[in-house]
Amino acid sequence: MLTVRAAAIVKVEHRPTEGTLFARQTARRVGREIAGAGLCLVRRTCEFVAAGLEEFELSALGTDVNFDLHRAREEIRQVAEHPAGLAELEKQAGKKFGDFDNPLLVSVRSGARASMPGMMDTILNLGLNEDVVDVLAKKSGNPRWAWDCYRRFIQMYSDVVMEVGKKYFEQLIDAMKTKKGVTQDVELDAADLKELAMQFKAEYKAKIGEEFPTDPKEQLVGAIKAVFRSWDNPRANVYRRDNDIPYSWGTAVNVQSMAFGNMGDDCGTGVAFTRNPATGEKKLFGEYLINAQGEDVVAGIRTPFKIEKLQEDMPQVYEQFAAIANKLENHYKDMQDMEFTCLLYTS
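Since this is a predicted model, take the numbers as computed values, not measurements.

**Here's the deal with the overall build of the chain**
Argument step 1. Scanning the chain from N- to C-terminus turns up 13 helices and 11 strands.
Argument step 2. With 347 residues in all, the chain has 47% of them scored as buried.
Argument step 3. Expressed as a percentage of contacts within the chain between residues at least 6 apart in sequence, the contacts between residues at least 24 apart total 69%.
Argument step 4. In the form shown here, the chain has an accessible surface area of approximately 17100 Å², with 48% of it arising from carbon and sulfur atoms.

Pasting the structure below:
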């Protein structure tokens, strides 16, 4: 039986005089609160702080996993409906999940003990419905961003949770771009994206036979189950076999506040290595996109820029990212593979 032991919020502070010892003690303390693979993320977060980075906060659903999702369904629902960690995450963010005044959006990700890049599923922008989108559009003054998040969420939830193929939604996007006479998703405006969201919901109903879920708690339950389920997908099984990762380790589910790279031309997202993985040359190696979310970089929809161009587009962001990458490599004494979302703050 899959047992969700606890949901815990972890805040790790940097104590230079105690360094890694404090981080390890924190990991052991948190280990009494969350079980299984979720502890790996906590330990890694503690190490980040010991390496000299800023404070970190995360919400992890720790697990002992025997992959009986049917029997565990009620336990997952209980965690989603009464999530102690999510409540603390709301407190830290100053927002509330599913709220119509100041809504919190989250991402739901895996937390396996060993890194398995791209092998397991992720759901972004969770917590949206039409009412919440309207709130975000008004509060941010950026309706394009709000509707972009919603159409992304509908597509990702449909694909990952309900297993409705991406191609049906991509066909609708292509038709919209043809109709508007544009070639890039970023050229679609708020009205176009709102229309796409409505088309996506209609496609969902046509394929599933029911309306797209509007209750954020129902969405969270579905996403948690889907991430657990993805431990057993074919690409994950092949990757574990090729890399000697035991199936019995299982995964946890991590619920995090969303970081948005799609709010405009002052933010973006990318992937990078701390050095060239082919030659070992000590320089940042990677790609990024402006005004995008993570899947855009690897989906082939837009051509990403080399990481060096970030130094021209956002020199402050590049400098900070390079410093973080250097600290992580020095701490782990090995090349680091990273995904990042960046936002340029201006006074």
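**Digging into the pairing of strand β5 (residues 106-110)**
Working note: regular strand, side chains alternate between the two faces of the sheet.
Argument step 1. Bridge count between β5 and strand β6 (residues 123-126): 2 bridges; the pairing is antiparallel. By the bridge assignment for β6, Val-106 is matched with Leu-126.
Argument step 2. Strand direction decides the pairing type here: β5 and strand β7 (residues 253-257), joined by 5 bridges, are antiparallel. Paired with Ser-110 across the strands is Val-253, a residue of β7.

**Considering the side chain of Glu-329**
Argument step 1. By secondary structure assignment, the location of Glu-329 is in helix α13 (residues 315-332).
Argument step 2. Residue class for Glu-329 comes out buried when judged on its relative accessible area of 6%.
Argument step 3. Separated by 2.5 Å, the side chains of Glu-329 and Thr-274 make a polar contact.

**Here's the deal with the sheet that holds strand β11 (residues 337-343)**
Argument step 1. Strand order in this open sheet of 4 strands is β10-β9-β8-β11, and the pairing throughout is antiparallel. The open sheet terminates on both sides in strands that have one partner only, identified here as β10 (305-306) and β11.
Argument step 2. Relative to strand β9 (residues 285-290), strand β8 (residues 267-273) is paired through 6 bridges, and the arrangement is antiparallel. Bridge pairing in β9 places Thr-269 opposite Leu-289.
Argument step 3. With respect to the sheet, α13 is in contact with β8 and β11, its orientation differing from that of β11 by roughly 150 degrees.

**Here we look at the nonpolar core**
If you look at soluble globular proteins, the nonpolar side chains tend to sit buried side by side.
Argument step 1. The biggest cluster of nonpolar side chains holds 49 residues, and the ones touching the most others in it are Val-108, Leu-126, Leu-128 and Tyr-150.
Argument step 2. A per-element tally of this core places helix α6 (residues 143-160) first, with 10 residues.
Argument step 3. Setting aside anything within four residues of it in sequence, one finds Leu-126 in contact with Phe-97, Leu-104, Leu-105, Val-106, Val-108, Phe-153, Pro-216, Gln-219, Leu-220 and Ala-223.
Argument step 4. Leu-284, Ile-307, Leu-310 and Met-314 belong to the second largest nonpolar core, which has 15 residues in total.

**Observations regarding the state of the cysteines**
Argument step 1. Inspection of every chain in the model, using the stated rule, returns 0 disulfides.
Argument step 2. As a non-bridged cysteine, Cys-267 has Cys-342 as the owner of its nearest cysteine sulfur, 7.3 Å distant.
Argument step 3. Of the residues examined, Cys-267 reaches a relative accessible area of 0% and is grouped as buried.

**Comments concerning the packing of aromatic side chains**
By convention here, two paired aromatic rings are described through the distance between centres and the angle between planes.
Argument step 1. This structure, assessed with the given rule, holds 11 aromatic pairs.
Argument step 2. Taking the centre distance of 5.5 Å and the plane angle of 75 degrees together, the rings of Tyr-157 and Phe-212 count as edge-to-face. Of this pair, Tyr-157 sits in helix α6 while Phe-212 is found in the loop between α8 (190-208) and α9 (216-229), placing the two residues 55 residues apart along the sequence. There is no split in this pair, since Tyr-157 and Phe-212 are both buried.
Argument step 3. Geometrically, the ring pair formed by Tyr-204 and Phe-212 is edge-to-face, given 5.0 Å between the ring centres and 80 degrees between the ring planes. Like Tyr-204, the residue Phe-212 is buried in the burial classification.

**Focus on unusual backbone geometry**
Argument step 1. Unlike most non-glycine residues, Asp-244 shows phi in positive territory, near 55 degrees.
Argument step 2. One non-glycine residue with positive phi stands out, namely Asn-291, at about 55 degrees.
Argument step 3. Relative to the elements of secondary structure, Asn-291 occurs in the loop between β9 and α11 (294-299).

**Describing the pairing of β8**
Argument step 1. Along β8, 5 of the 7 residues are buried, which leaves the element largely enclosed by surrounding structure.
Argument step 2. Where β8 meets β11, 7 bridges bridge the pair, whose relative direction is antiparallel. Across the sheet, Thr-269 pairs through a bridge with Thr-341, a residue of β11.

**Re α8**
Argument step 1. Taking 1.5 Å per residue as the helical rise, α8 with its 19 residues ought to reach 27 Å, and the 27 Å between its terminal C-alpha atoms agrees with that figure.
Argument step 2. Of all the residues in α8, the buried ones are Ala-190, Asp-192, Leu-193, Leu-196, Ala-197, Phe-200, Lys-201, Glu-203 and Tyr-204.
Argument step 3. Residues of α8 that are buried make contact with α5 (130-140), α6 and α7 (166-180).
Argument step 4. The positive-phi residue at the C-terminal boundary of α8 is Gly-209, with phi of around 90 degrees.

The rules we used
Residues numbered from 1 in each chain as written. Predicted model: local features only at pLDDT ≥ 70, side-chain atom pairs only at ≥ 80, totals over all residues. Heavy atoms only, no water. Helix = DSSP H or I, 4+ residues; strand = E, 2+ residues; numbered from the N terminus. Buried < 20%, exposed > 50% of the residue type's maximum accessible area, 1.4 Å probe, protein only. Contact = heavy atoms within 4.5 Å. Areas by Shrake-Rupley, 256 points an atom, 1.4 Å probe, with all protein chains shown as cover. Pairing = 2+ DSSP bridges. Polar contact = N/O pair within 3.5 Å; in protein donor to acceptor, adjacent residues only side chain to side chain. Axes fitted to C-alpha atoms, helices over the stretch in contact; angles between N-to-C directions. Core = buried A, V, L, I, M, F, W, Y, C linked by side-chain atoms within 4.5 Å. Disulfide = S-S within 2.5 Å. Phe/Tyr/Trp six-rings, centres within 6.5 Å; stacked < 30°, edge-to-face > 60°. Expected span 1.5 Å × (residues − 1).

Nothing here speaks to function; it is all geometry.
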